[in-house]
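Observations on chain architecture
Each chain, letter by letter, is given below.
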Amino acid sequence: MIQRTPFADALTYVLMVAGFFLLIGPFIVVISGASQSVQQVNSVPFSFMPQGELFTNAATAWERANLGNALLNSMIMATLVTIGKVALSACTAFAIVFFRSPLKHFFFWTVFITLMLPLEVRVVPTYSVAADLFQPFRSILGLFGIEVSVEWNLLNSYSGLTLPLVATATGTFLYRQFFMTIPDELAEAARMDGSGPVRFFVEMLLPLSRTNMAALTTIMFVYAWNQYLWPLLMITDPSYKTVMMSLRALLPAEDGIPDWNVTLAGSLIIILPPLLVVAFLQRWFVRGLVSSDK
């Protein structure tokens, strides 16, 4: 048992307050700067008091960066990636935990090792495959003297934005850890009642893993929403641009007016959807990560 003392309590509160201001400080700057005029946002020292230009700056940012179309593209991308990651990781963990196979541990650790290979490391081969899906098959068939001239790429498409990001070792690990807490008697009882693997998975495991699903949904939505490098490589058509790609259009020109107030207003619009998702799912997010009574 940890003994509480006045000094320890005071130190704890000081650290909590300091951490709070470190985290909330950038948001205060964004909100304050987004509501100021050009002269106010560039004044020294910077004023943290909000002003009355928020809606004007937001309208300018919305039109300059075409944020309506970009928000739609990012919402479609983040939603599809989130659904794919949650579904695929649940199915993968279910197969690893509940199916008897001498290689299941090998497959799990093979998936888990991919955590050390983020998208930035494997972006070149992934882009190569996405730019020509049949290239690996043509190479294999070429070894046998078979030539195939079919080509298909995922550039400038929602499938190209989402499919390469669907696989997730993090989600597989979270689901595996939860499924391992399920008593063997539950699976045995379901088997004796005539329930097949699919029915057991859909009607029993998925309802029990709602909190894990909410936690993973929160993490993966924010991850997909903040993607910049992959959309930058896959998209050349402006109609498929995401909000992270549109941030560049919000930056002031080198020889133009330093209207950072418009940039901050656009940034505020862009961060609102993930903030709303986190705020809506935060209770289940915390419960899914730290709860031991599942």
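The structure contained in this document is the topic of the report that follows. In this text, all values refer to a predicted model and were calculated from it rather than measured experimentally.

A word on the overall build of the protein chain
Per the secondary structure count, the protein chain includes 15 helices and zero strands. In terms of overall dimensions, the protein chain is more spread out than a globule: its C-alpha atoms have a radius of gyration of 24 Å, far above the 19 Å expected for 294 residues. Taken along the three principal axes of its C-alpha coordinates, the protein chain extends 70 × 70 × 30 Å. Considering the protein chain as a whole, with its 294 residues, one finds that 33% of them fall into the buried category. Of the contacts formed within the protein chain by residues at least 6 apart in sequence, a portion of 72% connects residues at least 24 apart. Of the roughly 18,200 Å² of accessible surface on the protein chain, 69% is carried by carbon and sulfur atoms. In the protein chain, the 16 positive side-chain charges and the 17 negative ones have mean positions that sit 9 Å from each other.

Description of the side chain of Ser-157
By the element assignment, Ser-157 lies in the loop between helix 7 (135-142) and helix 8 (158-162). Overall, the relative accessible area of 15% leaves Ser-157 in the buried class. Look past the residues within four positions of Ser-157 in its chain and what remains in contact with it is Ile-235 and Tyr-240.

Here we look at the packing of aromatic side chains
Throughout the structure, instances matching the rule amount to 14 aromatic pairs. With a centroid separation of 5.5 Å and an interplanar angle of 75°, the aromatic rings of Phe-98 and Phe-200 are classed as edge-to-face. With Phe-98 in helix 4 (residues 67-98) and Phe-200 in helix 11 (residues 197-208), the pair connects residues that are 102 residues apart, well separated along the chain. The class of Phe-98 is partly exposed, set by a relative accessible area of 22%. By relative accessible area, which is 6% here, Phe-200 ends up buried. A ring pair is formed by Phe-221 and Trp-225, whose centres lie 5.9 Å apart and whose planes are at 20°; its orientation type is stacked. In this pair, Phe-221 and Trp-225 both sit in helix 12 (residues 210-225), four residues apart, roughly one turn of the helix.

What about a nonpolar patch on the surface?
A contiguous nonpolar surface patch, about 540 Å² in accessible area, is contributed by Trp-109, Ile-113, Met-116, Leu-117 and Val-121. The class for Trp-109 is partly exposed, based on a relative accessible area of 48%.

Criteria and thresholds
- Residues numbered from 1 in each chain as written.
- Predicted model: local features only at pLDDT ≥ 70, side-chain atom pairs only at ≥ 80, totals over all residues.
- Heavy atoms only, no water.
- Helix = DSSP H or I, 4+ residues; strand = E, 2+ residues; numbered from the N terminus.
- Rg over C-alpha atoms; globule rule 2.2 N^0.38 Å.
- Buried < 20%, exposed > 50% of the residue type's maximum accessible area, 1.4 Å probe, protein only.
- Contact = heavy atoms within 4.5 Å.
- Areas by Shrake-Rupley, 256 points an atom, 1.4 Å probe, with all protein chains shown as cover.
- Lys, Arg positive; Asp, Glu negative; His and termini not counted.
- Charge placed at Lys NZ, Arg CZ, Asp CG, Glu CD.
- Phe/Tyr/Trp six-rings, centres within 6.5 Å; stacked < 30°, edge-to-face > 60°.
- Patch = residues over 30% accessible without salt bridge, like charges linked within 9 Å, V, L, I, M, F, W, Y side chains within 5 Å.
- Salt bridge = Lys/Arg side-chain N within 4 Å of Asp/Glu carboxyl O.

So, to be careful, I would describe these as geometric facts and stop short of saying anything about function.
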